[in-house]
Amino acid sequence: MLTRNCLSLLLWVLFDGGLLTPLQPQPQQTLATEPRENVIHLPGQRSHFQRVKRGWVWNQFFVLEEYMGSEPQYVGKLHSDLDKGEGTVKYTLSGDGAGTVFTIDETTGDIHAIRSLDREEKPFYTLRAQAVDIETRKPLEPESEFIIKVQDINDNEPKFLDGPYVATVPEMSPVGVIRTALPNMDREVKEQYQVLIQAKDMGGQLGGLAGTTIVNITLTDVNDNPPRFPKSIFHLKVPESSPIGSAIGRIRAVDPDFGQNAEIEYNIVPGDGGNLFDIVTDEETQEGVIKLKKPLDFETKKAYTFKVEASNLHLDHRFHSAGPFKDTATVKISVLDVDEPPVFSKPLYTMEVYEDTPVGTIIGAVTAQDLDVGSSAVRYFIDWKSDGDSYFTIDGNEGTIATNELLDRESTAQYNFSIIASKVSNPLLTSKVNILINVLDVNEFPPEISVPYETTVCENAKPGQIIQIVSAADRDLSPAGQQFSFRLSPEAAIKPNFTVRDFRNNTAGIETRRNGYSRRQQELYFLPVIIEDSSYPVQSSTNTMTIRVCRCDSDGTILSCNVEAIFLPVGLSTGALIAILLCIVILLAIVVLYVALRRQKKKDTLMTSKEDIRDNVIHYDDEGGGEEDTQAFDIGALRNPKVIEENKIRRDIKPDSLCLPRQRPPVEDNTDIRDFIHQRLQENDVDPTAPPYDSLATYAYEGTGSVAESLSSIDSLTTEADQDYDYLTDWGPRFKVLADMFGEEESYNPDKVA
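Bear in mind the structure is a predicted one, so any value in this text is a computation, not a measurement.

Rules used throughout
- Residue positions are counted from 1 within each chain, in the order its sequence is given.
- Two thresholds apply to this predicted model, a pLDDT of at least 70 for residue-level local features and 80 or more for giving and counting side-chain atom pairs, whereas whole-chain, interface and lining totals are computed over all residues.
- Water and hydrogen atoms play no part in the side-chain values, which are based on all heavy atoms of the structure.
- In the sections that follow, a salt bridge refers to a side-chain nitrogen of Lys or Arg positioned within 4 Å of a carboxyl oxygen of Asp or Glu.
- Only DSSP runs of H or I covering at least 4 residues are called helices, and only runs of E covering at least 2 are called strands; the numbering of each starts at the N terminus.
- To sort residues, take the accessible area from a 1.4 Å probe on protein chains only and compare it with the maximum for the residue type: under 20% means buried, over 50% means exposed, and anything in between is partly exposed.
- Pairs of cysteine sulfur atoms within 2.5 Å are what we label disulfides.
- Polar contacts, as counted here, are pairs of nitrogen or oxygen atoms within 3.5 Å of one another; within protein the pair requires one atom able to donate a hydrogen and one able to accept it, and residues that are adjacent in sequence qualify only if both atoms are side-chain atoms.
- Between any two strands, at least two bridges found by DSSP are needed for them to pair.

### So, the pattern of salt bridges
- Following the criterion strictly, the structure yields 16 salt bridges and no others.
- The salt bridge partner of Asp282 is Arg250, with a shortest N-O separation of 3.0 Å. Of this pair, Asp282 sits in the loop between strand E15 (277-281) and strand E16 (287-292) while Arg250 is found in strand E13 (residues 247-252), placing the two residues 32 residues apart along the sequence.
- Relative accessible area serves as the criterion here: at 19%, Asp282 is assigned to the buried category.
- Close ionic contact of Glu532 with Arg487 constitutes a salt bridge, the shortest N to O distance being 3.8 Å. In this pair, Glu532 is assigned in strand E34 (residues 524-532) and Arg487 in strand E31 (residues 485-488), connecting sequence segments 45 residues apart.
- It is possible to trace a salt-bridge network through shared partners that takes in Arg250, Asp282 and Glu287.

Given below as structure tokens:
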């Protein structure tokens, strides 16, 4: 084998132009040189004034892979034009694999491969070569690049890239689709087969090599088997209380196929159970689930029988000739009796009642029955959660509904509550029904003018002029086509200043009847208008409209009309009157409180001054008449030093002879109080009318500048007859006693003092 490989390599080198290429320099050779050239020529140096042409001649080297010789494998030769064979040129090699894979003889430029190469590992190598002067070590030529390619030999057997391989073959495939020992393969018999395949390389330099792999053949299923029911009749028992949509049973047909070929569709054959039952396929188990479409009733029908058909959902046209791919079975359903609650005759009861219906009036009835075998009596009662106010009652045995309270449509127009019916034999079984009661309106409220109107009339108004359009409203639920009529009251119809024109569309106009109106003669007119509805019983009301006469220009524009028109249908309400009175009382209380505070302030101002009050004691050797003796002496003479008083007659004793009062010298404003008292003491000592007993005299001198002036009697006149005490009555209840004491018309009576 080694000898044959070496001989092949030698022949390839010889006949491929590797060593037979001449070694003469080729300065004109370019990159387009023959690709099999195994010598690279390096041109020599030129003169400095001559254009230097590149000395490298590009060639590719080729080397065989898997070389097994004892000597290094020759690759090619480098040669420079400057190399004259004198040993002055040195060749160097660098690049991919230099020194490790490839070597160069520095003197001759021969390149050898020193190790075996594998094209499957690395197909080519890129290297760089250069000629250097051996003495100066300077490059004689620029460095250039070349490629060494590794040539392939047939040293690998063929291999399958992705083994083992899996192939699928439809079952029941005819002979010829795949060459096998079995003429017809059935997936239901065997699903998978293994086949050993050998691949052989018949060409190549090293002879034919072979490779083997295993192929797994899996049979794919086809729909070649119809579904079959394991039995022809299915028996099911269903309670009559089963809800609609619930599953009441399952049946199954068997299909030996796999995957989608085993998918089954179930259908109910039109007949007895088509309207009450439905069947669907369970995708996981491929069972037929029977469901209820309508409620069952044992008392109506106790059993049902129908047929169910099972068929393949995906059919294969290649096997149509094998027969119908479907099967049929019979389903018998027995309905089981269940104790059920009573059943109302209606799902909803609607009733009507007038709002003025007396309490206890029957307005309707409900009916419920026990449909089970051996029916039981039924009891009725109102669900308290829906009728918490107990507006209605129900007879527990008869089911009649009656009013329990007076109804008002304006308050509640509709009532909605529930009635429960239970079996006497089993009170836990109950049923419920809704009751809707509409309250009908009774014409109990009269129509009234809808809004207050501000009606005015010009002084220069003409007869027949419409000065106001009015409309009416009714608090009752007005029926369709409700009509209101307007007219004057009988007492206003006699010589009317205004009249009412009914437009017959639930509105009316206020019309003038006079040629001009005078504000001086009458500023306000009150017009009673009667409004009547068309319901039964007829209701009417009298509404008084206030019409104000205003001054207008010639165009009818109002110039002056200060007071607003007032609409008086029923006068002020009790609440409004109470509010007005309360406001008046509050205002009066505020005024009284203000006056009291003002007086208290004045009193405090008079009493806080240190110079306002001065007490003086005059001692006499006689006894007074007590605190009720007000006639013993006159203290008015001691009150005010500013007033010149005349001598007065003593009131505590009766004088023998009438002495004329004598004139006293006036007292100056700046007189000291001590001098004043001393002067008065001397006057009393020489006075023949002075009392022969001790007397207490109080001097309450207020001084000057008081806003309320002095209340002292010192400033008073000499006699009581000359003084006017009428102003005391204007000072209020506190001074009533003084007013009575000093009044002219009524003498003072101590018994009347409170």
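Resuming the write-up.
### Regarding the state of the cysteines
- Enumeration according to the criterion identifies two disulfides in this entry.
- Here Cys458 connects covalently by a disulfide to Cys552, the sulfurs 2.1 Å from one another. Looking along the S-S bond of the Cys458-Cys552 disulfide, the torsion reads about -80°, which is the left-handed sense. You can see Cys458 sitting in strand E29 (residues 455-458) and its partner Cys552 sitting in strand E35 (residues 540-552), a full 94 residues away along the chain. Across the pair, exposure class does not vary: Cys458 and Cys552 are buried alike.
- Here Cys550 pairs with Cys561 through a disulfide, and the sulfurs are 1.9 Å apart. With Cys550 in strand E35 and Cys561 in the loop between strand E36 (558-560) and strand E37 (567-568), this residue pair connects regions lying eleven residues apart in the sequence.
- Note on Cys561: relative accessible area 23%, which makes it partly exposed.
- For the protein, the bonded cysteines connect in the pattern 1-3, 2-4 when numbered consecutively along the sequence.

### So, the environment of Gln73
- The residue Gln73 is located in strand E3 (residues 73-80) in this model.
- Sequence spacing of Gln73 and Arg115 is 42 residues, and the spatial spacing of their C-alpha atoms is 8.1 Å.
- A distance of 3.1 Å separates a polar side-chain atom of Gln73 from the backbone nitrogen of Leu64.

### Quick word on the pairing of strand E27 (residues 430-440)
- Looking at chain direction, strand E20 (residues 348-354) and E27 are connected through seven bridges and run parallel. Across the sheet, the residue bridging to Thr350 is Leu436, located in E27.
- Sheet analysis places strand E26 (residues 414-423) next to E27, joined by nine bridges and oriented antiparallel. If you follow Ser422 over to E27, its bridge partner there is Thr430.
- Adjacent in sequence and paired antiparallel, E26 and E27 are bridged by six residues.

### Description of the pairing of strand E12 (residues 233-239)
- Residue alternation in E12 divides its side chains into a buried set, Phe234, Leu236 and Val238, and an unburied set, Ile233, His235, Lys237 and Pro239.
- Pairing geometry for E12 and strand E18 (residues 326-336), over seven bridges, is parallel. Counted as the bridge partner of Lys237 is Ser334 from E18.

That's the geometry; what it means functionally is another story.
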